[in-house]
Amino acid sequence: MSDKNTENTAGAGATPPEKDVAAGKRETFKPLTRRSFMKASALGALLIGGTTTAMLPLRKFKSDTSLEDFFQQHYDLLTTERMERILARIEKEVKDRYGVDADVQDPKPIPDVQFAYALNISRCVGCRRCVHACVEENNQSRDPEIQYIRVLEMPEGTLDVEKSNHYYEPDKVPVKGKYYLPVQCQQCDNPACVKACPVGATWKDKDGIVVIDYDWCIGCRYCEAACPYWARRFNFSEPKIPKEQINPEMAYLGNRIRKKGVMEKCTFCLGRTRKGLMPKCAEACPAGARQFGNLLDPDSVIRHILREKRVYVLKEDVGTRPKFYYWFDK
Amino acid sequence: MRQSLLSKTSTKTVYAFKMLSSASCFACLFAFASFASDHKETTLPGRNVVDYTPVQGYLQPLKLRRETLFEYTCNECHRVFDTVDDKKTRIAEHVDLKLNHGKDVGCLSCHHKTNRNAYVTNDGREIPSNRPEELCSRCHNMTYRDWTIGAHGRTTGVWNRAGTGWRALVCTECHNPHSPQFPYLAPMSGPGIPKRPFRMGAH
């Protein structure tokens, strides 16, 4: 009965339904009041602001590396036209970041050439002109300061680098009783740094220069630890170079401006030497202590020095076979 | 008779002119008196020592080093002034020169006695002033051999010594020939000293 009643009531309720529904609809559709508008707009603003803040690192990431950079292949696998696209991308990055019209090239090794360096330590006066010529040529970071060449001030009568000092600041050099031993990358024939690299970002090129692909380097600094000459430098922060001091002639494996978190080192100025020019340090030396040439050419100055002079290499016992020869003639 | 008279007057005028010119030239000099007492003869002091023939070998315009700052060739003065082969006697010029080059070296060890624009070889022949390496090679022959191949001194241009385009700087572009020791230089800035204690030379 009661069921019936309820049914009836339900049926009775169902009979006048349009009225109720219309009333319910009227209740849910509230007119736009000031309060509801403020609520909705505050929520919206919060949503948009929150999303933007959350995505900010992504925007930074996007400006830092392009898609092309992200999917770049190893240097050995790059085709010529792909390399051209990469060089154009680097030029654009330099333009965007530093406002300099750079000319980035990728000079290849010259066949039948093995580069070698000879440094006359009886002529070197320790004036550090080479250090700063190198910094200017190779677009090294000025702050924090990165220098490829370290000139060791050594007491006379020893070749032990443990007794050296490379923070010397006298008024005039050379100081009596000292001699000077500039150390930079020795471009070893058996490079320890190349063996240490876990990703193959550094290798010995056909002309004997040990190069680094800065786009491939992961910044683990294993090579820095492996090098017995402390020739490798790490970019702890984004390199800062004044715009007017940037050298616009850049090489892909050489002096193009590095990124934060990659290794760099002396490359015998391969952007210059692979075009036939002398390295910048050899040209800058006021004492004429630095000679550069081709080890395979029997008439070259390097071979003359190896034949005629007293030559030694640094840390011969570690077996790296450097192509950077020190000699003396006094 | 007339001929002799003419010649006599001409010699007289020449003599007077010579005296005048020498006087006007020396008047500006500090040591006129000493010179006048030394050279009372009718001939000018430089007349005997000047060689007007061009220097053997080719001669380019003189490229003198920056320190000397001469804009004229040596003969322009030394046609008048005799040369004393004594490194201590200097009157007005070359007093700033400090000769500190080996033992028993005087001016005429390197400079030619009669042709002042030239240097001199061991047997008295002339070396053009733009080829000082030939002069220096008289004593420094081992260094000269290294220099010819590029093992001594600065070189510019390309590293391939066999081809063209490289040049070795000549001796006087780096060395002061009167005091050839390499000058002391102020060193440029080195690596910044790290703040925390650091084992020097450990690498």
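Source: prediction; values computed, not measured. (Residues numbered from 1 in each chain as written. Chains lettered and ligands numbered in written order. Predicted model: local features only at pLDDT ≥ 70, side-chain atom pairs only at ≥ 80, totals over all residues. Heavy atoms only, no water.)

J.: Teacher, can you tell me more about the interface of chain A and chain B here?
T.: How big an interface is tends to be stated in terms of accessible area lost as the parts join. Contact with chain A, which involves 52 residues of that partner, is made by 33 residues of chain B. Summed over both partners, the interface of chain A with chain B comes to about 3800 Å²; 56% of that surface belongs to carbon and sulfur atoms. Across the chain A-chain B interface, the total number found is two salt bridges. One salt bridge in this structure joins Lys 309 of chain A and Asp 146 of chain B, with 2.5 Å as the shortest N-O distance. In this assembly, chain A and chain B are joined by 15 residue pairs in polar contact (both at pLDDT 80 or more). If you list the elements that add at least two residues to the side of chain A that touches chain B, you get α6 (129–137), α10 (280–284), β10 (290–294) and α11 (301–308) of chain A. (Contact = heavy atoms within 4.5 Å. Buried area = accessible area lost by both parts, 1.4 Å probe. Salt bridge = Lys/Arg side-chain N within 4 Å of Asp/Glu carboxyl O. Polar contact = N/O pair within 3.5 Å; in protein donor to acceptor, adjacent residues only side chain to side chain. Helix = DSSP H or I, 4+ residues; strand = E, 2+ residues; numbered from the N terminus.)

J.: Teacher, can you tell me more about the pairing of strand β3 (residues 150–155) of chain A here?
T.: Side-chain direction in a regular strand flips from residue to residue, so the side chains alternate between the two faces of the sheet. Residue and element names in this part refer to chain A. Within β3, five of the six residues are buried, leaving the element largely enclosed by the surrounding structure. Across six bridges, the pairing between β3 and strand β4 (residues 178–183) is antiparallel. Bridged to Met 154 within β4 is Tyr 179. (Buried < 20%, exposed > 50% of the residue type's maximum accessible area, 1.4 Å probe, protein only. Pairing = 2+ DSSP bridges.)

J.: Is there a simple way to think about the packing of aromatic side chains in this case?
T.: Each aromatic ring pair is characterised by the separation of its centres together with the angle its planes make. One pass over the full model with this rule turns up 14 aromatic pairs over all chains. Judged by centre distance (5.5 Å) and plane angle (40°), the ring pair of Tyr 117 of chain A and Phe 268 of chain A falls under tilted. With Tyr 117 of chain A in strand β2 (residues 115–120) and Phe 268 of chain A in the loop between β9 (263–264) and α9 (270–273), this residue pair connects regions lying 151 residues apart in the sequence. The exposure class of Tyr 117 of chain A is buried, given its relative accessible area of 0%. Ring centres of Tyr 117 of chain A and Phe 324 of chain A lie 4.8 Å apart, and the angle between their planes is 15°; this geometry places the pair in the stacked category. In this pair, Tyr 117 of chain A is assigned in strand β2 and Phe 324 of chain A in strand β12 (residues 324–328), connecting sequence segments 207 residues apart. Residues Tyr 117 of chain A and Phe 324 of chain A agree in their burial class; the two are buried. Among the aromatic side chains, those forming a connected cluster through ring pairs are Phe 115, Tyr 117, Phe 268, Phe 292, Tyr 312, Phe 324, Tyr 326 and Phe 328 of chain A together with Trp 159 of chain B. The residue whose ring lies beneath Arg 256 of chain A is Tyr 252 of chain A, and the NZ or CZ to ring-centre distance is 4.2 Å. Here the basic side chain of Arg 258 of chain A rests over the ring of Tyr 214 of chain A, its NZ or CZ set 5.5 Å away from the ring centre. (Phe/Tyr/Trp six-rings, centres within 6.5 Å; stacked < 30°, edge-to-face > 60°. Lys NZ or Arg CZ within 6 Å of the ring centre and 35° of its normal.)

J.: Sorry, what's going on with the pattern of salt bridges here?
T.: Oppositely charged side chains can pair when the atoms bearing their charge come close. Residues and elements named next belong to chain A. Throughout the structure, instances matching the rule amount to 24 salt bridges over all chains. A salt bridge links Arg 89 to Glu 93, with the shortest nitrogen-to-oxygen separation between them at 3.4 Å. Remark: Glu 93 and Arg 89 occur in helix α5 (residues 80–98); sequence separation between them is four residues, near one turn of the helix. Where salt bridges share partners, they join Arg 89, Glu 93, Asp 213, Asp 215, Arg 256 and Lys 259 into one cluster.

J.: Sorry if this is basic, but what is going on with the nonpolar core here?
T.: The nonpolar side chains of a soluble globular protein tend to be buried, and buried together. Residues and elements named next belong to chain A. Core analysis: the largest hydrophobic core is formed by 66 residues, its most contacted members being Val 94, Ile 149, Leu 181, Tyr 252, Phe 268, Leu 314 and Tyr 326. Looking at this core, the elements that each hand over two or more residues are α5, β2, α6, β3, β4, β8 (249–251), α10 and β12. Of the residues forming this core, the biggest block, six residues, is contributed by α5. Those residues in contact with Val 94 that sit more than four places away from it in its chain are Gly 99, Val 100, Ala 102, Met 250 and Ile 257. Core analysis: the second largest hydrophobic core is formed by 11 residues, Cys 193, Cys 197, Tyr 214 and Cys 223 among them. (Core = buried A, V, L, I, M, F, W, Y, C linked by side-chain atoms within 4.5 Å.)

J.: I would appreciate a short explanation of unusual backbone geometry in the present structure.
T.: The phi angle of most residues is negative, glycine excepted, and most peptide bonds adopt the trans form. All names here are of chain A. For the bond running from Asp 143 to Pro 144, omega is 0°, close enough to zero to count as cis. As for its placement among the helices and strands, Pro 144 is situated in the loop between α6 and β3. Residue Pro 174 is reached from Val 173 by a cis peptide bond, and omega for that bond is -5°. Here Pro 174 shows up in the loop between β3 and β4. Phi at Asp 112 takes a positive value of approximately 60°, unusual for a residue other than glycine. Position of Asp 112 among the secondary structure elements: in the loop between β1 (103–105) and β2.

J.: When you look at the environment of Pro 182 of chain A in this model, what are you seeing that I'm missing?
T.: As for its position among the elements, Pro 182 of chain A is in strand β4. Excluding anything up to four places from it in sequence, Pro 182 of chain A contacts Leu 119, Cys 124, Ile 149, Arg 150, Val 151, Leu 152, Arg 290, Phe 324 and Tyr 326 of chain A.

J.: What's the story with the sheet that holds β12 of chain A in this structure? I'm lost.
T.: The strands making up a sheet are joined through hydrogen bonds of the backbone, oriented either antiparallel or parallel. Residues and elements named next belong to chain A. The mixed open sheet is built from four strands, whose spatial order is β10-β2-β12-β11. Unpaired on one side and paired on the other, β10 and β11 (310–312) mark the two borders of the sheet. Across the sheet, the axes of successive neighbouring strands diverge by a mean angle of 30°, strand direction being ignored. Judged from the four bridges that link them, β2 and β12 form a sheet pairing that is parallel. Looking at β12, one finds that Asn 120 is bridged to Trp 327. (Axes fitted to C-alpha atoms, helices over the stretch in contact; angles between N-to-C directions.)

J.: Would you explain the state of the cysteines in this entry?
T.: As used here, a disulfide is simply a covalent bond connecting the sulfur atoms of two cysteines. By the definition in use, this model includes zero disulfides over all chains. Free of any disulfide, Cys 174 of chain B has its nearest cysteine sulfur in Cys 171 of chain B, 8.9 Å distant. (Disulfide = S-S within 2.5 Å.)

J.: Just to check I follow, could you spell out α6 of chain A for this structure?
T.: All names here are of chain A. For α6, the tally of buried residues reaches seven of nine residues, placing the bulk of the element in the interior. Every buried residue of α6 is accounted for by Cys 130, Val 131, His 132, Ala 133, Cys 134, Val 135 and Glu 137. Against the buried residues of α6 lie β3, α9, α10 and β10. Following α6 by one or two positions, Asn 139 adopts a phi angle in the positive range, close to 50°.

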